[in-house]
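Listed below are the residues making up each chain.
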Amino acid sequence: MLRCSQKGQKCLPNFLTKPLKEDLAFTNNYQQRWSVLKKINRRGKSPLFLCLGGDMKPEIIVALDFSDFDDGKNIVETLDKEITFYKIGLEAYLSIGEKLIDYLVSKNKKVFLDLKFHDIPNTVKKAALAAAKKGVFMFNLHIQGGYDMIKETVAAVKSINSDVLIIGVTLLTSLDENYLNQYNINFNNSADYVLHLAKIGREAGLDGVVSSAKETPLIKKHLGEEFLTITPGIRLATNNIDDQKRVVTPKDAKKMGTDFMVIGRPITQSQDPKYTVKLIKEELNG
Ligand SMILES: O=c1ccn([C@@H]2O[C@H](COP(=O)(O)O)[C@@H](O)[C@H]2O)c(=O)[nH]1
């Protein structure tokens, strides 16, 4: 049973021992929170692995899709205390590399390394081991890379760092049913295909999946609250959807119960990124 959740208060399972409660209540260090919650989970007790606090979900991860270090740094400085989580994807990693990760870690920010590994098991395992040593809190791979690829990677990485979260990409949010038809993938709709991939990912030991927030309720229903959903394709009603197809507003993503919203251009390309984050937070709290 959970003692949830007046707005602004943390929600804590009431079976927690006092020291664990104190750890959870008084730390804003997410890595520590995960460590504590994982301990509970290992004892098979946690019904809500990521119930970090009713006031905290969903967290915003800002996608730093830049090729220039200073552009990324400016956003991080502008958003300062507003944002803890940042995503480094292919563009930033290949153009800027370690420098941006090191900068974020030095600022106590949490880094999601979004390189979407997809290769044979041995190659992905080795790449993932390298990723897990970079101080990132989360990285990802494509579930379509296969069960063995995922399972071997999870086993290798968790044996050196059990805290790093390993997440599987399901169907990219830039795709929809047209892709399933074009590639002759025999599912009626995106949600069923996403759930199918998520089930394979969970079975192979992943901590969660990347999907659209549209699929979050289905994933949580079948795979449990503790299985994380990381959801890009977030757009305010006034935003251009760009190349995204399965889009959801921040307000709806919260309603769907998503854990993390990944937001790039609506924040980083806006006239006033700090004001846009304020608008998103107002929408979440409204
Ligand atoms: O299915 C996916 C997986 C990853 N992404 C990444 O998220 C951001 C979204 O950026 P926006 O500017 O908010 O569209 C981007 O870095 C993608 O590589 C995704 O969109 N969909």
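Residues numbered from 1 in each chain as written. Predicted model: local features only at pLDDT ≥ 70, side-chain atom pairs only at ≥ 80, totals over all residues. Heavy atoms only, no water.

**Q** Explain the pattern of salt bridges here, please?
**A** When the charged atoms of two side chains with opposite charge come close together, those side chains can pair. Under the criterion given, the structure shown has 17 salt bridges. Where Glu 98 meets Lys 134, a salt bridge forms, and the shortest distance between an N and an O atom there is 3.3 Å. Taken together, the residues Glu 98 in helix 5 (residues 98–106) and Lys 134 in the loop between helix 6 (121–132) and strand 6 (138–142) connect sequence positions 36 residues apart. Residue Lys 134 is classed as partly exposed on the basis of its relative accessible area, which comes to 23%. (Salt bridge = Lys/Arg side-chain N within 4 Å of Asp/Glu carboxyl O. Helix = DSSP H or I, 4+ residues; strand = E, 2+ residues; numbered from the N terminus. Buried < 20%, exposed > 50% of the residue type's maximum accessible area, 1.4 Å probe, protein only.)

**Q** Looking at this model, I keep getting lost on the site of the ligand. Mind explaining?
**A** Neighbouring the ligand are 16 residues; Asp 65, Lys 87, Thr 173, Gln 244 and Arg 265 lie closest to it. One of the side-chain N or O atoms of Asp 65 is found 2.6 Å from an oxygen atom in the ligand. Side-chain polar atom of Arg 265 to an oxygen atom of the ligand: 2.7 Å apart, as the coordinates give it. Considering the ligand on its own, with 460 Å² of exposed area, one finds that the protein chains cover 87% of that surface. Broken down by class, the residue content of the shell around the ligand amounts to seven nonpolar, three polar and six charged. (Near = heavy atom within 4 Å. Polar contact = N/O pair within 3.5 Å; in protein donor to acceptor, adjacent residues only side chain to side chain. Areas by Shrake-Rupley, 256 points an atom, 1.4 Å probe, with all protein chains shown as cover. Nonpolar A, V, L, I, M, F, W, Y, C, P; charged D, E, K, R; others polar.)

**Q** Whenever I open this one, the pairing of strand 9 (residues 228–231) confuses me. Can you help?
**A** It is a general feature of regular strands that their side chains alternate between the two faces of the sheet. Side chains of strand 9 alternate between two faces, with Leu 228 and Ile 230 and Thr 229 and Thr 231 buried alike. Looking at chain direction, strand 8 (residues 208–210) and strand 9 are connected through three bridges and run parallel. Paired with Val 210 across the two strands is Ile 230, which belongs to strand 9. Crossover strand 8 to strand 9 through helix 10 (residues 216–223) is right-handed. (Pairing = 2+ DSSP bridges. Right-handed = clockwise from strand over helix to strand, strands pointing away.)

**Q** Would you explain the packing of helix 6 against helix 7 (residues 147–160) in this entry?
**A** To characterise two packed helices, one gives the angle between the axes of the helices and the distance between these axes. At a minimum axis distance of 9 Å, the contact between helix 6 and helix 7 shows a crossing angle of 30°. If you check the angle between helix 6 and helix 7, you find them roughly parallel. Viewed along their axes, helix 6 and helix 7 form a crossing whose handedness is right-handed. In this structure, helix 6 uses Pro 121, Val 124, Lys 125, Ala 128, Leu 129 and Ala 132 to contact helix 7, whose residues at the interface are Asp 148, Met 149, Glu 152, Thr 153, Ala 156, Val 157 and Ile 160. Residues belonging to the contact of helix 6 with helix 7 are distributed by class as follows: nine nonpolar, one polar and three charged. (Axes fitted to C-alpha atoms, helices over the stretch in contact; angles between N-to-C directions. Parallel < 35°, antiparallel > 145°, perpendicular 65-115°, else oblique. Left-handed = near helix turned anticlockwise from the far one by under 90°. Contact = heavy atoms within 4.5 Å.)

**Q** Help me understand the sheet that holds strand 10 (residues 260–263) in this model?
**A** Overall, parallel pairing links the eight strands, which are arranged 3-4-5-6-7-8-9-10 in a closed barrel. Each strand of the sheet is rotated relative to its neighbour by a mean of 25°, with strand direction disregarded. Where helix 6 meets the sheet, its contacts fall on strand 5 (110–117) and strand 6, and the angle it forms with strand 5 comes to roughly 165°.

**Q** Before we go on, may I ask you to explain the packing of aromatic side chains in this structure?
**A** For any two aromatic rings, the description comes down to two numbers: the centre-to-centre distance and the angle of the planes. Taken as a whole and judged by the stated rule, the model has seven aromatic pairs. For the pair Phe 117 and Phe 139, a centre-to-centre distance of 6.0 Å together with 55° between the ring planes defines the contact as tilted. Of this pair, Phe 117 sits in strand 5 while Phe 139 sits in strand 6, placing them 22 residues apart in sequence. Classification of Phe 117 as buried rests on a relative accessible area of 13%. On the basis of relative accessibility, which here comes to 0%, the residue Phe 139 falls in the buried class. Relative to Tyr 193, the ring of Phe 187 lies with its centre 5.3 Å away and its plane at 50°, an arrangement referred to as tilted. Judged by relative accessible area, Tyr 193 falls into the buried class, the value being 8%. (Phe/Tyr/Trp six-rings, centres within 6.5 Å; stacked < 30°, edge-to-face > 60°.)

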